[in-house]
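Close look at the chain arrangement
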Amino acid sequence: MSTPAQADELGTRIRVSGASRPGHVRSVNQDAHFAGEVGARTLLLVADGMGGHQTGEVASAQATEAIRAQLASSRAHPPAALARALQRANHEVLAHARADPKHEGMGTTLTAVLIDDDIGLIAHVGDSRAYLWRDGALHPLTEDHSWVAERVRQGLLSEEEARQHRWRNVITNALGATDRFRLDLAHVALQAGDRLLVASDGVTALIPEGELAEMLAEGAPDEVVARLLDAADARGSPDNVTAAVAVVDAAQHGPRPYELPAAVPWTVDVGDTLSGIRQVEDRYPGRGPLRWARRQSWYPYRLWILGSLYLFLLLLAFLLVR
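Notes on the structure follow. (Residues numbered from 1 in each chain as written. Predicted model: local features only at pLDDT ≥ 70, side-chain atom pairs only at ≥ 80, totals over all residues. Heavy atoms only, no water.)

**Observations concerning the overall build of the chain**
The helix and strand inventory of the chain stands at ten helices and twelve strands. Over its C-alpha atoms the chain spans a radius of gyration of 21 Å, differing by no more than 12% from the 20 Å that the globule rule assigns to 322 residues. Counting over 322 residues, the chain shows a buried share of 48%. In the chain, the proportion of contacts linking residues at least 24 apart, taken out of those at least 6 apart, comes to 70%. Total accessible area computed for the chain in this model is approximately 15,600 Å², and 54% of it derives from carbon and sulfur atoms. Across the chain, the mean location of the 32 positive side-chain charges is 7 Å away from that of the 40 negative side-chain charges. (Helix = DSSP H or I, 4+ residues; strand = E, 2+ residues; numbered from the N terminus. Rg over C-alpha atoms; globule rule 2.2 N^0.38 Å. Buried < 20%, exposed > 50% of the residue type's maximum accessible area, 1.4 Å probe, protein only. Contact = heavy atoms within 4.5 Å. Areas by Shrake-Rupley, 256 points an atom, 1.4 Å probe, with all protein chains shown as cover. Lys, Arg positive; Asp, Glu negative; His and termini not counted. Charge placed at Lys NZ, Arg CZ, Asp CG, Glu CD.)

**Considerations on the sheet that holds strand β12 (residues 266–270)**
Each strand in a sheet pairs with another by means of backbone hydrogen bonds, the pair being arranged parallel or else antiparallel. Here six strands make up an open sheet; going across it, the order is β3-β4-β5-β6-β9-β12 and the pairing antiparallel. Unpaired on one side and paired on the other, β3 (31–38) and β12 mark the two borders of the sheet. The sheet shows a mean angle of 15 degrees between the axes of neighbouring strands, direction not considered. (Pairing = 2+ DSSP bridges. Axes fitted to C-alpha atoms, helices over the stretch in contact; angles between N-to-C directions.)

**A word on the environment of Thr-55**
Within the secondary structure, Thr-55 sits in the loop between β4 (41–50) and α1 (56–73). The exposure class of Thr-55 is buried, given its relative accessible area of 3%. With 67 residues separating them in the primary sequence, Thr-55 and Ile-122 have C-alpha atoms 26 Å apart. When residues no more than four places from it in sequence are discounted, the contact partners of Thr-55 are Met-50, Lys-102, His-103 and Met-106.

**Remarks on the pattern of salt bridges**
Applying the stated criterion to the full structure yields 15 salt bridges. Two residues, Arg-153 and Glu-143, come together in a salt bridge whose shortest N-O distance is 3.8 Å. Pair noted here: Arg-153 is in helix α3 (residues 147–153) and Glu-143 is in the loop between β8 (137–140) and α3, with a separation of ten residues, a long-range link. In the salt-bridge network here, residues are joined through shared partners; they are Arg-21, Asp-230 and Asp-233. (Salt bridge = Lys/Arg side-chain N within 4 Å of Asp/Glu carboxyl O.)

**Some points on helix α6 (residues 209–216)**
Every buried residue of α6 is accounted for by Leu-212, Ala-213, Met-215 and Leu-216. When α6 is viewed along its axis, its buried side chains cluster within an angular range of 165 degrees and face the same direction. Tucked into the core, α6 has its buried residues touching β7 (129–134), β8, β10 (195–199), α5 (201–204), α7 (221–234) and β11 (241–250). (Arc of directions from axis to C-beta.)

**Quick word on the packing of aromatic side chains**
Tallied over the full model, the rule gives one aromatic pair. For the ring pair Tyr-258 and Tyr-284, a centre distance of 6.5 Å and an interplane angle of 70 degrees mean the geometry is edge-to-face. One end of the pair, Tyr-258, is in the loop between β11 and β12; the other, Tyr-284, is in the loop between α8 (275–283) and α9 (289–294), with 26 residues separating them in the sequence. In this structure, Tyr-258 and Tyr-284 share a single accessibility class: buried. (Phe/Tyr/Trp six-rings, centres within 6.5 Å; stacked < 30°, edge-to-face > 60°.)

**Remarks on the packing of α6 against α7**
The interhelical angle for the contact between α6 and α7, taken along N-to-C directions, is 145 degrees, at an axis separation of 9 Å. Here the hand of the crossing between α6 and α7 comes out right-handed. Contacts between α6 and α7 pair Leu-212, Met-215 and Leu-216 from the former with Val-224, Arg-227, Leu-228 and Ala-231 from the latter. (Left-handed = near helix turned anticlockwise from the far one by under 90°.)

**Points about the pairing of β12**
Working note: regular strand, side chains alternate between the two faces of the sheet. What you see with β12 is a clean split: Trp-266, Val-268 and Val-270 sit on the buried side and Thr-267 and Asp-269 on the side with no burial. Strand direction decides the pairing type here: strand β9 (residues 181–189) and β12, joined by five bridges, are antiparallel. Bridged to Leu-185 within β12 is Trp-266.

**Topic: unusual backbone geometry**
Despite not being glycine, Ala-40 shows a phi value in the positive range, around 70 degrees. With respect to the helices and strands, Ala-40 occurs in the loop between β3 and β4. The phi torsion at Asp-135 lies on the positive side, around 55 degrees, for a residue other than glycine. Within the secondary structure layout, Asp-135 lies in the loop between β7 and β8.

**Describing the packing of helix α2 (residues 78–99) against α8**
Contact pair α2 / α8: the axes reach a minimum separation of 9 Å and the direction vectors enclose 160 degrees. Compared by their axis directions, α2 and α8 come out roughly antiparallel. The hand of the α2/α8 crossing is right-handed. Packed against α2, whose contacting residues are Pro-79, Ala-80, Ala-83, Arg-84 and Gln-87, the element α8 presents Ile-277, Arg-278, Val-280 and Glu-281 at the interface. Its residues assigned to classes, the contact of α2 with α8 shows five nonpolar, one polar and three charged. (Parallel < 35°, antiparallel > 145°, perpendicular 65-115°, else oblique. Nonpolar A, V, L, I, M, F, W, Y, C, P; charged D, E, K, R; others polar.)

Laid out in structure tokens, this is it:
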């Protein structure tokens, strides 16, 4: 059934639903998904695990839970919180694979949309996809991180050649595969009547975008999800099939503690350090005194300055009590 996302104080109202099936060929479902509320915000998420039986499904499930847990507890503003959540997911999946030889080589794609008032924040790694349906037209919100997709962007393959290529399933970027991953971040301003779709490649590889647009046009979220998965199954579903859908009934602008950059996809390398997260914070700068501080020449040395000040005060207190 469709889940009504809790309306916020400003009147944003969203209904969501998600489902996953193993398909007609595979016995194990390596996909994971989430559609609901996390930390008072709506989250759509689809992860497609890699690495084989009892490995890919572990990676996708572990990444999904890590992201939900991080978002539920984070005090960072939403863009940084989302990036930190994927960083945590990458760390946990990779650590698990290194600790257990039977899970060596596992990883997962992951595409998520976190809705903050009337803004949809998109985080993307791999070849699951996010779409915006608006006024009958379907707008891609992500670009695949795959060998064939990169050749298409370079003009070396056509879309049809990519769909038939023997390396069409080769992923060039995933969570849990290495210490670092490439994170695509974007955002979209939402309007009443918009519909969002996040789906694994088991769905998008079988259903052309024109048909996706038609299937998204009508019905409650759970009806749309069932329609998509039924259509994939009817075409043989050689892969697991997963979809999460949100219907925006009302979207009202609210005050945000961060600024939005130009609405184009942007890529950042994220590892175990905070350097990638700091770049996200710079890309979506906070408002108020923190924003002023981050623009000062001394900001990169703030911890050293604070530490020196602390030691100075300790020394001063010691001298005063002698």
